[in-house]
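An overview of the molecular structure
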Amino acid sequence: MTEIRTPRLLLRRWSDDDLVPMAEINADPEVMRWIGDGSVRDLEQTAEAIERYEEEWDEEGFGIFAVELLGSGELIGLAGLSVPDFLPEVLPAVEICWRLGRPFWGQGYASEAAHAVLEFALQDRGLDRVVAITHSGNRASENVMRKLGMAPERDTTHPVFGLPLRVYAIDLTEYQA
């Protein structure tokens, strides 16, 4: 079982108990504003997503972690690595991503989880490069990307939704944990 502990967080594989709290996060329009086409997701869509996250772990040896608070055990969102198949122009690539429930914004949890995921990518999985993809204008995520040492690589358009995207990248051989 792959787990990463940070000072405040536990990044771990998914359990059945995570479905309802993650579905609540995915049902928040403000959380989902910058994800895909901005649509909220219901319980069934969340279950399908978690199933895909677990399949990617089996197929790729990495994936999306469930993120919980160490103190309370409360699920606060997700963070991890994924192949960004939705954007073929950046392939082959591995993307770092995160999504937290709104009560957990602005407390440094996204940066803390993302730093742990980058260390995992470099030290445990031997990746030499990671990208992050965001909708143009998502300043909060772009701030996290900069804190990780990532730099803007290109502006592009989502091939399905037609929305402007910005791709950040980092060469992990230069990453300073």
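Residues numbered from 1 in each chain as written. Predicted model: local features only at pLDDT ≥ 70, side-chain atom pairs only at ≥ 80, totals over all residues. Heavy atoms only, no water.

**Observations concerning the environment of glycine 73**
Looking at the secondary structure, you find glycine 73 in the loop between strand 3 (64-69) and strand 4 (75-82). The class for glycine 73 is partly exposed, based on a relative accessible area of 38%. Along the primary structure glycine 73 and leucine 9 are separated by 64 residues, whereas in three dimensions their C-alpha atoms are 8.9 Å apart. (Helix = DSSP H or I, 4+ residues; strand = E, 2+ residues; numbered from the N terminus. Buried < 20%, exposed > 50% of the residue type's maximum accessible area, 1.4 Å probe, protein only.)

**Details of the packing of aromatic side chains**
What characterises a pair of aromatic rings is the spacing of the ring centres plus the angle enclosed by the ring planes. Tallied over the entire structure, the rule returns five aromatic pairs. Measuring from ring centre to ring centre gives 4.9 Å for tryptophan 57 and phenylalanine 65, while their planes differ by 70 degrees; the resulting arrangement is edge-to-face. A single burial state applies to tryptophan 57 and to phenylalanine 65, both of which are buried. Ring-pair connections join several aromatic residues into one group, and the members of that group are Trp57, Phe65 and Phe120. (Phe/Tyr/Trp six-rings, centres within 6.5 Å; stacked < 30°, edge-to-face > 60°.)

**Concerning the pattern of salt bridges**
Tallied over the entire structure, the rule returns 12 salt bridges. In this structure, arginine 166 and glutamate 142 form a salt bridge, with 3.4 Å as the shortest nitrogen-oxygen distance. Within this pair, whereas arginine 166 is found in strand 8 (residues 164-171), its partner glutamate 142 is found in helix 5 (residues 139-147), the two being separated by 24 residues in sequence. Overall, glutamate 142 belongs to the buried group, its relative accessible area being 4%. Put simply, aspartate 155 and arginine 166 hold a salt bridge, and the shortest N to O gap is 2.7 Å. Highlighted residues: aspartate 155 in strand 7 (residues 151-157) and arginine 166 in strand 8, separated in sequence by 11 residues. Given the relative accessible area of 52%, aspartate 155 is considered exposed. The exposure class assigned to arginine 166 is partly exposed, which follows from its relative accessible area of 26%. (Salt bridge = Lys/Arg side-chain N within 4 Å of Asp/Glu carboxyl O.)

**Here's the deal with the nonpolar core**
Counting residues in each nonpolar core, the largest one holds 37 residues, and the members touching the most others are Leu11, Leu81, Ile96, Trp98, Val130 and Met150. Residue assignment for this core shows that the elements contributing at least two residues are strand 2 (9-12), strand 3, strand 4, strand 5 (95-100), helix 4 (109-124), strand 6 (129-135), helix 5 and strand 8. Counting residues per element, this core draws most heavily on helix 4, which supplies nine residues. In contact with valine 130, not counting residues within four places along its chain, are Leu81, Val94, Glu95, Ile96, Leu118, Ala121, Met150, Tyr168, Ala169, Ile170 and Leu172. In this structure, Ile25, Ala49, Ala66 and Cys97 belong to the second largest nonpolar core, which totals 14 residues. (Core = buried A, V, L, I, M, F, W, Y, C linked by side-chain atoms within 4.5 Å. Contact = heavy atoms within 4.5 Å.)

**Looking at the pairing of strand 4**
Of all eight residues that make up strand 4, eight are buried, and the element is covered over most of its length. As judged from the five bridges shared by strand 3 and strand 4, these two strands associate in the antiparallel manner. Residue pairing across strands places alanine 66 opposite leucine 78, the latter belonging to strand 4. A loop of five residues connects strand 3 with strand 4, the two strands running antiparallel in sequence, and glycine 73 in this loop sits at a positive phi of about 75 degrees. In the sheet, strand 4 pairs with strand 5 via six bridges, with the strands oriented antiparallel. (Pairing = 2+ DSSP bridges.)

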